[in-house]
Amino acid sequence: MSDLNQSDNTPTNFIRQIIDKDLEQGKHDGRVHTRFPPEPNGYLHIGHAKSIVLNFGIARDYQGLCNLRFDDTNPHKENMEFVESIQQDVRWLGYDWQDRLFYASDYFQQLYDFAVELINAGKAYVCDLDGEQMRAYRGTLKEPGQESPYRSRSVEENLDLFARMKAGDFADGERVLRARIDMASPNMNMRDPTLYRIRHGVIHHQTGEAWCIYPMYDYTHPVSDALEGITHSLCTLEFEDHRPLYDWVLDNITIPSHPQQIEFSRLNIEYTVLSKRKLTQLVDEGFVEGWDDPRMPTIAGMKRRGYSAASIREFCRRIGITKSDGLVEIGMLETCIREDLDANAPRRMAVMHPLKLVIENYPEDQQEMLEAANHPKDESMGVRQIPFSREIIIDQADFREQANKKFKRLVTGGEVRLRNAYVIKCEEVVKNNQGDIVELRCSYDPETLGKNPEGRKVRGVIHWVSAKHGVKGEVRLYDRLFKQANADKVEEGGRFTDNLNPDSLRTLTECYFEPALADAEVEQAYQFEREGYFILDSVEAGRQPMVFNRVITLRDSWAKIEKGGAK
RNA sequence: UGGGGAUUCGUCUAAUGGCAGGACAACGGACUCUGACUCCGUAUGUGGAGGUUCGAAUCCUCCAUCCCCAGCCA
């Protein structure tokens, strides 16, 4: 795997340019301090990876710091499984927050005290409107809202009411604390937004039952950033409208720091969804096997699928950071993992659609060990021994009774090279009563080991496994999770799950692996030559038969030729 | 005229008044004991209309299209 610094030769972007300018002007005492602030209500996905690479990458490149902070203000949806998986995934991606692991809940007392300060300044009030009334008073996008009848309560009453909210005197939904800003603002976020709500009976994963009032994101986030001395608070575009509120909060409390919020566009990738809400649905409604299902765009899923951290980082580097919405081609991601695995995956042979092949002129009781390079371009990866014998298994796709000369594999009466072994010739095709090909009878040329035959050219090379020595096992072939490139686009009245690809997983149970694969290591991807990159499924590891996940196919120009018709 | 944002090859992204460049994808070829890898080559773009300027993707005006906002979610 490539080193973190090596793979992150990051091109500039508008955020780095802003930071450059800030540094030039001496803002923030010349410090750069970012944070990655996930809510622990789901697993991290590759969209988060974009943010992680951005935030931690900037911290590293500017000799700054990046905090990991859980935005845990909604205990209803959050839990420790998510807290733990997020830390694992960030670490696996290659980033280290050192001793700076924080929780917004660490600041609950300070948040409360600042709220009291706002109340004292007449900038916040307790409101008794229920949810429905609040909505009615809020107005619409085009019409201003109306002021709450509770908006002009005295400071004393607000102080008392807020204290009683905290003390548990009121039921859920009975009262909220709101900022007093402007009910006529064209920005809905400024129409007296809720600062605190009451939540009884939930056990917060960090604070337990200590609190029954919980602060809202728009209030918590700027305060948390400021308390941590964050200089640049990077978030996605949908929060652009919230920036005036972010700034309002910091401008109206006594806090000696004012981070700058900068927004960038979130990641969209073809044939998948990247919203935690939708991913949660896929898991909860059983469309996938879990958050780490290898078809999921989660970090855990991609890791189990066989994506390397370096390839994900490289992808994030290549897509860049801007403010324009886009839909990144899945090919971009696939190229990143192929490049990594091509350089780093040892080669092996495996057959997935077995076809028996008997070499008639190879003695029945004979077998030999053939040496094969583990990597065609990297001698340091060494060699391995592969047993060869009279009966071998090849792939059904590598034989045709007859074909035009574009087909470079085995045909009746034709020759082909067995990868790392001899040249063979197909003498006879054996079929069953249904006319299915069940066996090939061939001859081999003993003079062709390690050298080309004389006087003729053998164009094709196919892979194989010795029937007697091969290890039988399972391979799981993954395809795109959704049929539509834009998986979020749904027909009127439809659901995004209507776009699910029914063939996103195909399981092949009659596969033959060369013996060296019996020692396959967990988290080590291999290239099954001429097929693709595969990795032991981490969940099934240690069980028999062995189960390999296909990370990604090899680029397949033959498929293109065939699809385009014979030319 | 609710408010906010966006628009450059098919896709992602540079250029910050001075030669529209890169990556991915595509196409053609070379090489090959992986139809892989690698190498060489080709084509493709500033949403539209005006204006300012010696010179505009960039500045101005108007237009079009797309995205976000009416949670006691983040």
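Look up: the structure comes first, before these words.
Everything quoted here is computed from the prediction, not taken from an experiment.

S.K.: Is there a simple way to think about the nonpolar core in this case?
M.R.: Counting 40 residues, the largest nonpolar core has Ile46, Ile52, Phe56, Val90, Ile312, Phe315 and Val551 as the members making the most contacts within it. At the level of elements, helix 3 (46–61), strand 2 (65–70), helix 4 (80–92), helix 11 (299–305), helix 12 (309–319), helix 13 (330–344), strand 26 (532–536) and strand 27 (546–553) are the ones that each hand at least two residues to this core. With six residues, helix 3 is the single largest residue contributor to this core. When residues no more than four places from it in sequence are discounted, the contact partners of Val90 are Phe36, Leu44, Ile52, Phe56, Tyr95 and Trp97. The next biggest cluster of nonpolar side chains, apart from the first, holds 35 residues, and it includes Phe114, Leu177, Ile198 and Ala226.

S.K.: Got a minute to help me understand the sheet that holds strand 3 (residues 101–103) in this structure?
M.R.: The strands making up a sheet associate through backbone hydrogen bonding, with each pair oriented either parallel or antiparallel. Taken in spatial order, the three strands make up an open sheet running 1-2-3, and their pairing is parallel. Each having just a single partner strand, strand 1 (33–36) and strand 3 make up the two edges of the open sheet. For this sheet, the mean inter-axis angle between neighbouring strands, taken without regard to orientation, is 35 degrees.

S.K.: Whenever I open this one, the side chain of Gln527 confuses me. Can you help?
M.R.: As for its position among the elements, Gln527 is in strand 25 (residues 526–528). Given a relative accessible area of 7%, Gln527 falls into the buried group. Those residues in contact with Gln527 that lie beyond four places of it in its chain are Asp342, Ala345, Pro346, Arg347, Arg348, Gly532, Tyr533 and Leu554.

S.K.: Explanation requested: the protein's contact with RNA strand B in the structure shown.
M.R.: Taken together, the neighbourhood of RNA strand B is formed by 70 residues, with Thr73, Arg347, Lys377, Gln527 and Arg555 sitting nearest. Among the atoms of RNA strand B close to the protein, meaning within 4 Å, 65% are from sugar or phosphate groups. Contact distances for RNA strand B include 2.7 Å between a phosphate oxygen and a side-chain N or O atom of Arg138. Contacts to RNA strand B include Tyr217, whose backbone N or O atom sits 3.0 Å from a phosphate oxygen. Elements with a minimum of two residues in the surface near RNA strand B: helix 6 (131–138), strand 6 (194–198), helix 12, helix 13 and helix 14 (557–563).

S.K.: How should I be thinking about helix 8 (residues 217–227) in this particular structure?
M.R.: Note: α-helices contain 3.6 residues per turn, so residues at a spacing of three or four share the same orientation. Counting buried residues in helix 8 gives nine out of 11 residues, a clear majority hidden from the surface. Where helix 8 is concerned, the buried positions are Asp218, Tyr219, Thr220, His221, Pro222, Val223, Ser224, Asp225 and Ala226. Immediately beyond the C-terminal end of helix 8, within one or two residues, lies Gly229, with a positive phi of roughly 70 degrees.

S.K.: What is the right way to read the packing of aromatic side chains from this model?
M.R.: Any pair of aromatic rings gets described here by the distance separating the centres and the angle formed by the planes. Within this structure, the stated rule accounts for 23 aromatic pairs. Look at Phe108 and Trp211: their rings are 5.9 Å apart centre to centre, the planes differ by 75 degrees, and that puts the pair in the edge-to-face class. Placement of Phe108 in helix 5 (residues 108–120) and of Trp211 in the loop between strand 6 and strand 7 (213–215) is noted, with a sequence separation of 103 residues between them. A relative accessible area of 2% means that Phe108 is categorised as buried. With a centroid separation of 4.2 Å and 10 degrees between ring planes, the pair formed by Phe528 and Phe534 is classed as stacked. Phe528 gets classed as buried once you look at its relative accessible area, which sits at 0%. What links up through ring pairs into an aromatic cluster is the set Phe108, Tyr112, Phe162, Tyr196, Trp211, Tyr214 and Tyr219. Here Lys166 stacks its cationic end above the ring of Tyr112, 5.2 Å away from the centre of that ring. Over the ring of Tyr271 we find Arg480; its NZ or CZ atom is 3.8 Å from the centre of that ring.

S.K.: Help me understand unusual backbone geometry in this model?
M.R.: In most cases, non-glycine residues show a negative phi, while peptide bonds are predominantly trans. Residues Gln544 and Pro545 are joined by a peptide bond in cis, for which omega reads -5 degrees. Assignment of secondary structure puts Pro545 in the loop between strand 26 and strand 27. Phi is positive for Arg530, which is not a glycine, with a value near 70 degrees. Take Arg530: it is sitting in the loop between strand 25 and strand 26.

Cut-offs and rules
- Residues numbered from 1 in each chain as written.
- Chains lettered and ligands numbered in written order.
- Predicted model: local features only at pLDDT ≥ 70, side-chain atom pairs only at ≥ 80, totals over all residues.
- Heavy atoms only, no water.
- Core = buried A, V, L, I, M, F, W, Y, C linked by side-chain atoms within 4.5 Å.
- Buried < 20%, exposed > 50% of the residue type's maximum accessible area, 1.4 Å probe, protein only.
- Helix = DSSP H or I, 4+ residues; strand = E, 2+ residues; numbered from the N terminus.
- Contact = heavy atoms within 4.5 Å.
- Pairing = 2+ DSSP bridges.
- Axes fitted to C-alpha atoms, helices over the stretch in contact; angles between N-to-C directions.
- Near = heavy atom within 4 Å.
- Polar contact = N/O pair within 3.5 Å; in protein donor to acceptor, adjacent residues only side chain to side chain.
- Phe/Tyr/Trp six-rings, centres within 6.5 Å; stacked < 30°, edge-to-face > 60°.
- Lys NZ or Arg CZ within 6 Å of the ring centre and 35° of its normal.

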